[in-house]
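Listed here are the chains, written in short residue letters.
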Amino acid sequence: MAVPGRLRAAALPAEPRRRRRELRGRPSTRRAERPGSRGEPRGAALALCHAVTERRPRHRREDVSRLPRKRSGGANMAWRCWARAGGARPHRLALLLLQPRRGFRRARPRPEEPPAAAAEARPVQPAPRRSLCPPSPTAAAGRPSPRRLVKPLLFAVGFTGSAFGSAAIWQYESLKSRVQTYFEGARADWMDKMRPQKRGDFRKQVNSWWNNLTEGQRTVTGIIAANVFVFCLWRLPGMRRIMFTYFTSNPSSRALCSPMLLSTFSHFSLFHMAANMYVLWSFSSSIVSLLGCEQFIAVYLSAGVISTFVSYVAKMATGRFEPSLGASGAIMTVLAAVCTKMPEAKLAIILLPMFTFTAGSALKAIIAFDTAGLALGWRLFDHAAHLGGALFGMWYVTYGHELIWKNREPLVKAWHEMRTKNTGKGGGGRSN
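What counts and what doesn't
Residues numbered from 1 in each chain as written. Predicted model: local features only at pLDDT ≥ 70, side-chain atom pairs only at ≥ 80, totals over all residues. Heavy atoms only, no water. Axes fitted to C-alpha atoms, helices over the stretch in contact; angles between N-to-C directions. Helix = DSSP H or I, 4+ residues; strand = E, 2+ residues; numbered from the N terminus. Parallel < 35°, antiparallel > 145°, perpendicular 65-115°, else oblique. Left-handed = near helix turned anticlockwise from the far one by under 90°. Contact = heavy atoms within 4.5 Å. Nonpolar A, V, L, I, M, F, W, Y, C, P; charged D, E, K, R; others polar. 1 Å grid on protein atoms, 1.4 Å probe; cavity = no way out; pocket = protein on both sides within 12 Å on 5 of 7 lines; lining within 4 Å. Points joined across faces, edges and corners; volume = space filled by probe spheres on them. Polar contact = N/O pair within 3.5 Å; in protein donor to acceptor, adjacent residues only side chain to side chain. Patch = residues over 30% accessible without salt bridge, like charges linked within 9 Å, V, L, I, M, F, W, Y side chains within 5 Å. Areas by Shrake-Rupley, 256 points an atom, 1.4 Å probe, with all protein chains shown as cover. Salt bridge = Lys/Arg side-chain N within 4 Å of Asp/Glu carboxyl O. Phe/Tyr/Trp six-rings, centres within 6.5 Å; stacked < 30°, edge-to-face > 60°. Buried < 20%, exposed > 50% of the residue type's maximum accessible area, 1.4 Å probe, protein only. Lys NZ or Arg CZ within 6 Å of the ring centre and 35° of its normal.

Peer 1: Help me out: how do you make sense of the packing of helix 11 (residues 215–234) against helix 14 (residues 270–291) in this one?
Peer 2: Between two packed helices, what matters for the description is the angle formed by their axes and the separation of those axes. Running from amino to carboxyl end, helix 11 crosses helix 14 at an angle of 165°, the nearest separation of the two axes being 8 Å. Classified by the angle their axes make, helix 11 and helix 14 are roughly antiparallel. Between helix 11 and helix 14 lies a crossing whose hand is right-handed. Within the contact between the two elements, helix 11 uses Glu215, Gly216, Gln217, Thr219, Val220, Thr221, Ile223, Ile224, Asn227, Val228 and Phe231 and helix 14 uses Leu270, Met273, Met277, Leu280, Trp281, Ser284, Ser285 and Val288. Residue composition of the contact of helix 11 with helix 14, by class: 11 nonpolar, seven polar and one charged.

Encoded structure:
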């Protein structure tokens, strides 16, 4: 990279210019040994560099002294270019050429990240969720304390007692109403003949269908209607957070007690709801004829709460805090109660009606399946809730009916006395 002579002459000061002419006039004693040079004397070039250095101020000499003494590949290349140029260059250019070139240095390889840091940097893959449950909007902050189970336990005990007490009072009022209706029906027979008939074919069909249902099917119709209503609420986007908080059971959730009952009527999947309601409709006649309408309602609601509490305990023990919902726990209670009372009854699967089996064998297979799922950690169903509901159904028809329902007489007697006293204070009322 030779610099034109005019530029060199204009750039050099006056004194180094004269010195350069003098040095060119002298005969050279030593030629450049580097191949490719023009033959300028190397000694003259060194003398010129010394002369330019001596003419600089003190701080310039200090700057030159700070240059590295070791010549690198870039420095050799600078000397070669200076020799080809045919003479000395301005002192500023000389300093730039003498410095090693650093523009094409290879980039240093980045140190490899440690395995722990690399694992933290990777995005955490979300756990595969069950299709029967909705996706959680917020993850749990941490593992909850086992003390959170005290409040659900008290709620389960209190709600079960209240359910059976209310069922006993309901049965008392129902029997009283039937007796009054029987005596009043004889006097109202002639009024039915004069009463106008209901018009409309649709109403006639609805009345005919309702009258043909068994008492058990009429009882579970309200339960099925409640499940369908809650299922429709899941389809509303604005209700999704409220539904997840109060209609799914999870021991790490903000709400603990109310979801134990509300989740019994909650279904997120249409297939899940259809399967549960079909089983409930199939066993409704048997369970209501066995327990009665009022006692069945108390057992069904209590079974939903108790099975949810068993699910709480299992989740707290295993550390798998996933939301659960559905009527499976309460329906397992109904199924286990019927199979325990009638073990020789023949059952069949709706998709495989040609294969029949006894109710006792079906109950044993269900308990074995849920026990294996709980032990192996299967996450498709809430096996702890299923197992808790089945065990509660077996216990109730074996011992609970004698311990709870047959000992309701003191409560019914106290209610009867309270009703009689209130009727007497009202004036003119008859006591029955």
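Peer 1: Would you explain empty space enclosed by the protein in this entry?
Peer 2: Over the atoms, a rolling probe the size of a water molecule traces out where space has been left empty. Evaluation of the coordinates by the stated rule reveals four cavities of 30 Å³ or more. As a volume, the largest cavity reaches approximately 230 Å³. Ranked by residue count, the leading element in the lining of the largest cavity is helix 15 (residues 293–318), at four residues. Here the lining of the largest cavity is built from residues that sort into eight nonpolar, 13 polar and two charged.

Peer 1: I tried to follow the side chain of serine 284 on my own but got confused; where do I start?
Peer 2: Along the chain, serine 284 turns up in helix 14. Engagement of the side chain of serine 284 in a polar contact is seen with the backbone oxygen of tryptophan 281, the distance being 2.9 Å. The contacts of serine 284, once residues within four sequence positions are left out, are Gly216, Gln217 and Val220.

Peer 1: Which parts of the structure should I look at to understand a nonpolar patch on the surface?
Peer 2: Residues Tyr278, Ile349, Ile350, Leu351, Leu352, Met354 and Phe355 make up a contiguous nonpolar surface patch of about 780 Å² in total accessible area. Tracing the backbone shows phenylalanine 355 in the loop between strand 1 (346–348) and strand 2 (356–358).

Peer 1: Is there a simple way to explain the packing of aromatic side chains in this structure?
Peer 2: The description of an aromatic ring pair uses the distance of the two centres, along with the angle that the planes make with each other. The tally for this structure, following the rule as stated, stands at eight aromatic pairs. Ring plane angle 45° and centroid distance 5.9 Å describe the contact between phenylalanine 296 and tyrosine 300, whose orientation is recorded as tilted. Here phenylalanine 296 and its partner tyrosine 300 are both found in helix 15, four residues apart, which amounts to about one turn of the helix. The pair phenylalanine 296 / tyrosine 300 is uniform in exposure class, with both members buried. Each member of the aromatic cluster is reached from another via a ring pair, and the members are Phe164, Phe392, Trp395 and Tyr396. The positively charged end of arginine 235 is found above the aromatic ring belonging to phenylalanine 231, 4.6 Å away from the centroid. One cation-aromatic arrangement involves arginine 235 over phenylalanine 268; the distance from NZ or CZ to the ring centre is 5.3 Å.

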